Amino acid sequence: MAFSAAQLSDKVNAYLASMPYVREPKGLYAPIEYVLSLGGKRIRPVLMLLAYQLYKENVDEILPQAAGIETYHNYTLLHDDLMDRADMRRNKPTVHKVWDDNTAILSGDAMLVLAYRLMGECSGVYLKRVMDVFTQTAMEICEGQQWDMEFESREDVTVPEYIEMIRLKTSVLLAASLKIGALLGDASAEDMQKLYDFGISMGLAFQLQDDFLDVYGDPAVFGKNIGGDIVCNKKTFMLITALSLAEEEQRAELVRWIECPEFCPAEKIKAVTALYDRIGIKQICEEKISGYYAEGLALLDGVSLPAEKKEELRRFVCCLMDRKV
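Residues numbered from 1 in each chain as written. Predicted model: local features only at pLDDT ≥ 70, side-chain atom pairs only at ≥ 80, totals over all residues. Heavy atoms only, no water.

1. Structural notes on the overall build of the protein chain
Counting its regular elements, the protein chain contains 16 helices and 2 strands. On C-alpha atoms alone, the protein chain measures out to a radius of gyration of 21 Å, which is about the 20 Å that the 2.2 N^0.38 rule sets for 325 residues. When the backbone C-alpha atoms are referred to their principal axes, the protein chain occupies close to 60 × 50 × 35 Å. The long-range fraction of contacts in the protein chain, counting pairs at least 24 apart against all pairs at least 6 apart in sequence, stands at 72%. If you sum the accessible surface of the protein chain, you get close to 15600 Å²; carbon and sulfur atoms cover 54% of it. Separation of charge centres in the protein chain, based on 36 positive and 50 negative side chains, amounts to 3 Å. (Helix = DSSP H or I, 4+ residues; strand = E, 2+ residues; numbered from the N terminus. Rg over C-alpha atoms; globule rule 2.2 N^0.38 Å. Contact = heavy atoms within 4.5 Å. Areas by Shrake-Rupley, 256 points an atom, 1.4 Å probe, with all protein chains shown as cover. Lys, Arg positive; Asp, Glu negative; His and termini not counted. Charge placed at Lys NZ, Arg CZ, Asp CG, Glu CD.)

2. Things to note about the packing of aromatic side chains
Under the counting rule described, the total for this entry stands at 6 aromatic pairs. When the ring of Tyr 34 is compared with that of Trp 99, the centres are 5.4 Å apart and the planes differ by 75 degrees; the resulting orientation is edge-to-face. One end of the pair, Tyr 34, is in helix α2 (residues 26-36); the other, Trp 99, is in the loop between α5 (95-98) and α6 (101-119), with 65 residues separating them in the sequence. A residue is classified by how much of its surface remains accessible, and Tyr 34, at 19% relative accessible area, is buried. Members of the aromatic cluster, joined through ring pairs, are Tyr 72, Tyr 75, Tyr 116 and Phe 134. One residue, Lys 268, lies across the ring of Phe 263, its end atom 4.4 Å from the ring centre. One cation-aromatic arrangement involves Lys 282 over Tyr 216; the distance from NZ or CZ to the ring centre is 5.1 Å. (Phe/Tyr/Trp six-rings, centres within 6.5 Å; stacked < 30°, edge-to-face > 60°. Buried < 20%, exposed > 50% of the residue type's maximum accessible area, 1.4 Å probe, protein only. Lys NZ or Arg CZ within 6 Å of the ring centre and 35° of its normal.)

The values reported here are purely geometric and, on their own, carry no functional implication.
See the structure below:
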C-alpha cells in the first residue's frame, strides 16, 4: 500500500510524539520535546519516506531515520534562532526565550546526538552508506551557515556565491532525505543520484521562492509580514542581482537605503520594492525559480520507474511550490 504525503506526515508526527524522554535531567530534554512538538510541514522526513516507498512498501521500517532527519533539521533551527536572536518560531517563543542561551546550546547539541542515534538504527547492510550521506550533509550545512554569516558583513557577494550558500544551507538536507530513503529502499545508484539532484534543484527553487515571497508575497498567504529581508539588508538573490544590474542612479538610491542608519521600515520596503520593479528583479527571480523547478521535475522524470509510481512525490513538491502537477 502506498501512502499519501499527508499520511506519511501523520506517521512521522506519531513517531516523534512516541519517543520516550525518560532520562534526567529534565532541563536538557524538555526543550527537545518542546521543539519537536511545535509541528511544521515535516518536509524532509516525508521526502525520505516518499523516496523509500518508490521501491518498498514497509515505510514503518525507516521511521527512525525519518525522525532522525527531522530531529536534525530542528536542531539546526534551534541554533539558528539563537544565532539570529529570533524570538519566535512557528508562532511560539524560541527555546532561548523560554529557557536561556546555554540551555538552547546544550539541548541543541543533545538533539544532534539523538539525530545520529536515530539515523544509525538501520540495518548494518546500509549503516555505513547512510551515515556517510548524513555526515557529509551535516558538514555541508555548517559550511552554508558560515557563508551566510560571513555574507552579512560583505558588500561584494555574487549570485553564484549566494546560490552555493543556499545549496549548502537548504538544498542538501532535502537531497539527502531523498537519497537516504532511496538507499534504504535498495534503489539503483543512478536513481539515488537523480533523486539527490532533484532535491538540490527543488531546494534552490524553494529558497528563491521564499526570498521572492518576502518581497512580493501576500502576508495572509505567506504567513508573516513581508519585507523583512529588505529591512535588515539580507543578501538575497534579489538584492544581489539588483545591485549588479542597477543603473548608476538606481544603485546609488539602493545603497543609500542599505546604509541609512535610521528609517521608517514601511517606507524602506516600499522604496526598495519600487527599485526592484524598475530594475526588473521580479521577472528575473520568477524565471530563476521556474528554471530550477523545471530542472528538478526533469530529473524526477528520469528516475527509472513508471510515472504513476512517482506521482505522489511529484504532487508533494508541486504543492510545496504552489504549482500545478
